Amino acid sequence: MPSFSDSEQALIDVWETHTAAEFEHKDADAAIATMTEHPVLIHVPVGTGATGRDALRKFYREIFIPQMPPDAELQLLTRSVAQDRLIDEFILHFTHTVRMDWFAPGIEPTGRRLVVPHVGIIAFEAGRISS
């Protein structure tokens, strides 16, 4: 990985704290704690997500976190960081063992192993995730 400035590393640290809250700790409140007062999340291909802390906390708590397959893994490919933006290209690996309405609304588990490329564009305001 390339070296980053202190301000860029600070954004990376917030993002990695956020993803750890989602994927490792499965803690919606900890994920929301990394965000601004009016965050926005949109999974562009399927239009899922939420706007605002309360709605996003509910989305994380009731849909995203409980509907994450237990073997889900993120494989980081590239990372770009600028003044107020972080862009990760990554691959999400998982076995489709649970219904995932945040990812494939209405589709029951197939049992298949999936490898899905993603691009995450994370915007920051005052050191917190805004979208």
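Residues numbered from 1 in each chain as written. Predicted model: local features only at pLDDT ≥ 70, side-chain atom pairs only at ≥ 80, totals over all residues. Heavy atoms only, no water.

A. Focus on the environment of Arg61. Structurally, Arg61 can be placed in helix H3 (residues 53–64). Overall, the relative accessible area of 44% leaves Arg61 in the partly exposed class. Along the backbone, Arg61 and Val98 are 37 residues apart, and their C-alpha atoms lie at a distance of 15 Å. Setting aside its immediate chain neighbours within four residues, Arg61 contacts Ala28, Asp29 and Pro66. (Helix = DSSP H or I, 4+ residues; strand = E, 2+ residues; numbered from the N terminus. Buried < 20%, exposed > 50% of the residue type's maximum accessible area, 1.4 Å probe, protein only. Contact = heavy atoms within 4.5 Å.)

B. Summary view of the pattern of salt bridges. What the rule picks out here adds up to nine salt bridges. One salt bridge in this structure joins Arg57 and Asp54, with 3.4 Å as the shortest N-O distance. Of this pair, Arg57 and Asp54 both sit in helix H3, three residues apart, which is roughly one turn of the helix. (Salt bridge = Lys/Arg side-chain N within 4 Å of Asp/Glu carboxyl O.)

C. Representation of the pairing of strand E2 (residues 48–51) within the structure. Only one face of E2 is buried: it carries Thr48 and Ala50, and the other face, with Gly49 and Thr51, is open. Strand direction decides the pairing type here: strand E1 (residues 40–43) and E2, joined by four bridges, are antiparallel. When the bridges of E2 are listed, Leu41 appears paired with Ala50. Hairpin geometry of E1 and E2 is characterised by an intervening segment of four residues between the two adjacent antiparallel strands and by a positive phi of about 75° at Gly47. (Pairing = 2+ DSSP bridges.)

D. Looking closely at the side chain of Gln67. As for its placement among the helices and strands, Gln67 is situated in the loop between H3 and strand E3 (73–81). The exposure class assigned to Gln67 is buried, which follows from its relative accessible area of 15%. If we ignore the near neighbours within four places in the chain, the residues touching Gln67 are Val98, Arg99, Met100, Asp101 and Trp102.

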